[in-house]
Amino acid sequence: MTDKNAQLIHEITYSFYEVATKDFLIGYQFRKIQEFKSSDPLSPPIEAFKNHLPRIEKFWRVQLIGERLTKEDQRFDLINIHKSLKPNKGEVLRWVKLFNETLDQYEDESNRDFIKLWRKKVSEFEKRFLTFLF
């Protein structure tokens, strides 16, 4: 694991959540898991996800840089966890669009291969979600 890639995973994960939690199409799905209500119900602060975000960040570190789960970590059962949210196809596609837009903001010459790998993973998850949820 490189510190640079781990830091990039942190930044992208948090940046994506800043956008997705407030998005007019999929934000409500994210707001279902926020830890406290904010004064503006459609625009929760990122701190409202402080316990969830480290888990998402860990998920991406496992996927992208091969970090191992510890005995204390819960397995990632992505499809089953998200079934209860009942996302529709448009919401999955919106997630992919927003995630790729976030990756666009961070891509440069120094990390192009890493971002390309991340885009590949996003595409794989899109296919899995569209296959198993619909």
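You'll find the structure just up there.
In this report, we go over the structure that sits alongside the text. It should be emphasised that the depicted structure is a prediction, and the values quoted were computed from it without experimental measurement.

## Details of the pattern of salt bridges
Okay, so step 1: A full pass over the atoms with the stated rule returns 10 salt bridges.
Okay, so step 2: Arg61 is the partner of Glu67 in a salt bridge, and the nearest nitrogen-oxygen pair spans 2.7 Å. Neither residue differs from the other here; Glu67 and Arg61 are each classed as buried.
Okay, so step 3: Of the charged contacts in the structure, one is a salt bridge between Glu107 and Arg119, with a shortest N-O distance of 3.0 Å. Of the two residues, Glu107 is situated in the loop between α5 (89–106) and α6 (112–133) and Arg119 in helix α6; the sequence distance between them amounts to 12 residues.
Okay, so step 4: Residue class for Arg119 comes out partly exposed when judged on its relative accessible area of 22%.

## Side note on α5
Okay, so step 1: Compared with the 26 Å implied by 1.5 Å per residue over 18 residues, the 26 Å span of α5 between its first and last C-alpha is a close match.
Okay, so step 2: The complete set of buried residues in α5 reads Glu91, Val92, Arg94, Val96, Leu98, Phe99, Thr102 and Leu103.
Okay, so step 3: Of the surrounding elements, those touching the buried residues of α5 are α1 (3–20), α2 (27–31), α3 (53–65) and α6.
Okay, so step 4: A distance of 2.9 Å separates the backbone nitrogen of Gly90 from a side-chain oxygen at the start of α5, and that oxygen is part of Asn88.

## Describing unusual backbone geometry
Okay, so step 1: Positive phi is not limited to glycine here, since Lys86 has a value of about 50°.
Okay, so step 2: Among the structural elements, Lys86 can be located in the loop between α4 (78–83) and α5.
Okay, so step 3: Classification of Lys86 as exposed rests on a relative accessible area of 66%.

## With respect to the side chain of Asn5
Okay, so step 1: Residue position: Asn5 is located in helix α1.
Okay, so step 2: Looking at Asn5, the relative accessible area reads 17%, which means it is buried.
Okay, so step 3: Apart from the residues within four sequence positions on either side, Asn5 is in contact with Ile65 and Phe114.

## Comments concerning α1
Okay, so step 1: The end-to-end C-alpha separation of α1 is 25 Å, in line with the 26 Å expected for 18 residues at 1.5 Å each.
Okay, so step 2: Of the surrounding secondary structure, the elements contacted by the buried residues of α1 are α2, α3, α5 and α6.

## Comments concerning the nonpolar core
Nonpolar side chains in soluble globular proteins tend to be buried together.
Okay, so step 1: Grouped together as the largest cluster of nonpolar side chains are 32 residues, with contacts concentrated most on Trp60, Phe99 and Trp118.
Okay, so step 2: Counting residues per element, the ones that place at least two in this core are α1, α3, α4, α5 and α6.
Okay, so step 3: For this core, the leading source of residues is α1, giving 7 residues.
Okay, so step 4: Dropping the residues within four chain positions of it, Trp60 is found in contact with Ile9, Thr13, Ile65, Trp95, Phe99, Trp118, Lys121, Val122 and Phe125.

## Some points on the environment of Phe132
Okay, so step 1: Here Phe132 is to be found in helix α6.
Okay, so step 2: When the C-alpha atoms of Phe132 and Lys83 are compared, they prove to be 9.2 Å apart, with 49 residues separating the residues in sequence.

Parameters and conventions
- Residues numbered from 1 in each chain as written.
- Predicted model: local features only at pLDDT ≥ 70, side-chain atom pairs only at ≥ 80, totals over all residues.
- Heavy atoms only, no water.
- Salt bridge = Lys/Arg side-chain N within 4 Å of Asp/Glu carboxyl O.
- Buried < 20%, exposed > 50% of the residue type's maximum accessible area, 1.4 Å probe, protein only.
- Helix = DSSP H or I, 4+ residues; strand = E, 2+ residues; numbered from the N terminus.
- Expected span 1.5 Å × (residues − 1).
- Contact = heavy atoms within 4.5 Å.
- Polar contact = N/O pair within 3.5 Å; in protein donor to acceptor, adjacent residues only side chain to side chain.
- Core = buried A, V, L, I, M, F, W, Y, C linked by side-chain atoms within 4.5 Å.

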